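Structural description and commentary
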Amino acid sequence: MAIAIITGASSGIGYRFAQEIAKTGEVDGFLLIARRRERLVALSEELGRGAEVLEADLAQPSGIEAVRAWLAERKPQVRYLINAAGYGVFGDYTQVSEQDTIGMIDLNVKATVLLSHMVIPYMIAGSNLLEMGSGSVFTPLPGFNIYASTKAFVYHYAQALAYEVRDRGIRVTVFCPGWVKTEFFDRAETEKAEGPRVKKPMLTVEYAVSCAMRAMKRGKILCACNWYTKMQHLFSKILPNCIPIAIWRSMLKK
Ligand SMILES: NC(=O)c1ccc[n+]([C@@H]2O[C@H](COP(=O)([O-])OP(=O)(O)OC[C@H]3O[C@@H](n4cnc5c(N)ncnc54)[C@H](OP(=O)(O)O)[C@@H]3O)[C@@H](O)[C@H]2O)c1
C-alpha cells in the first residue's frame, strides 16, 4: 500500500495537491498534516478510505516528533511527499515580530528539512518529493526578507537533495510559483505591512498545482510554473541583484 504524505493539507496548495494526487489513483492512502484538525478531517472524508489526519504544529519539536512516531509505527511505503506547510509575513526587520521571524525559519526551513530526511527512508522507487519554494527564491527581497531567505534555502536544498536521492529512484521537485490565490495573504499581510501594491499575475491554486503535477511526472527539478516566474529566474541569472530589488521596492506600499 503506497501513500501520499502532505503537510499543509488543511488549505491552499497542500489541500489541492491531495485532491490532484487522489485523481491519479497512484496511492491507496494519505497522511494529511496541519494544525486545523477539522479541515483535515473534512478533506479525509472527501478523499475516502485510507486518508488519515495528523494534527501537528510542525514549527514545534512536538509536531515533528508526532510525525516521526507515526512513521515508526506504520512503516508506510511513501509514493509522494508534498512539503507544503509554510507561511510568510510581509515587513522589514522592525515590523515582523521575533516570533514570526523564528516561526518562518522553523516551519519553512527546519520542518521542511526534518520531514524530508524522516520520510525519505520510506519512499519507494519512482516516488516524488515536492518542496515548496516560491517566486521569491531568485532575489533578496527587502520587506519580505525572512520569508524569501527561507525559500531561497529550500530552493538550494531541494536541488542538491535531488542528486543525493536520484540513485534511489526518488525525484525531487522544487515548486516556485508566483502569487497563488490562497489563505497565505491572510497571515502575510498585517497592519504594519501589506507587501507589494500589485500582486499580479495571481495564479489559481488549481492552475499552480496542475503545473507542479506535470513537472513531477516529468521528473523536473525546478517548476517555475508561469512566464512571470520564469522571467524572474532568468533575470536573476543575468542582472545584478540591485535591479530586481529596485523593481520590487517600487511595488511596495509606502
Ligand atoms: N500563496 C502564494 O502566493 C504562495 C506562493 C509561493 C509559495 N507559497 C508557499 O506554498 C505553501 C502553501 O501555502 P498556501 O499558499 O497554500 O497558503 P495557505 O493556504 O495559508 O496554506 C498554508 C498551510 O500550511 C499549514 N501550516 C501553517 N503553519 C503551520 C504549522 N506551524 N504547522 C503545520 N502546518 C502549518 C496551514 O495549516 P494550519 O494553519 O491548519 O496549520 C496550511 O495548511 C507555503 O509553503 C507557501 O510559502 C505560497
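Residues numbered from 1 in each chain as written. Predicted model: local features only at pLDDT ≥ 70, side-chain atom pairs only at ≥ 80, totals over all residues. Heavy atoms only, no water.

With respect to spatial proximity, 31 residues lie near the ligand, and among them Ser11, Arg35, Tyr147, Val180 and Thr182 are the closest. Within the backbone of Leu58, one N or O atom sits 2.9 Å away from a nitrogen atom of the ligand. Between an oxygen atom of the ligand and a side-chain N or O atom of Tyr147, the distance comes to 2.6 Å. In the complex, the protein chains occlude 96% of the 880 Å² of accessible area that the ligand would expose alone. Elements with a contribution of two residues or more to the shell around the ligand: helix H1 (12-24), helix H5 (145-165) and helix H6 (184-188). Top element by residues in the shell around the ligand is H6. It accounts for three residues. Its residues placed into classes, the shell around the ligand shows 16 nonpolar, nine polar and six charged. (Near = heavy atom within 4 Å. Polar contact = N/O pair within 3.5 Å; in protein donor to acceptor, adjacent residues only side chain to side chain. Areas by Shrake-Rupley, 256 points an atom, 1.4 Å probe, with all protein chains shown as cover. Helix = DSSP H or I, 4+ residues; strand = E, 2+ residues; numbered from the N terminus. Nonpolar A, V, L, I, M, F, W, Y, C, P; charged D, E, K, R; others polar.)

Let's shift gears to the sheet that holds strand S5 (residues 123-132). Spatially, the seven strands line up as an open sheet ordered S3-S2-S1-S4-S5-S6-S7, and their pairing is parallel. Strands with a single pairing partner mark the edges of an open sheet, and in this sheet they are strand S3 (51-55) and strand S7 (222-223). As defined by bridge partners, strand S1 (residues 2-7) adjoins strand S2 (residues 29-34) across five bridges and the pair is classed as parallel. In the sheet register, Ile6 faces S2, and the bridge partner there is Leu32. H1 contacts S1, S2, strand S4 (77-83), S5 and strand S6 (171-175) of the sheet and is inclined by roughly 165 degrees relative to S1. (Pairing = 2+ DSSP bridges. Contact = heavy atoms within 4.5 Å. Axes fitted to C-alpha atoms, helices over the stretch in contact; angles between N-to-C directions.)

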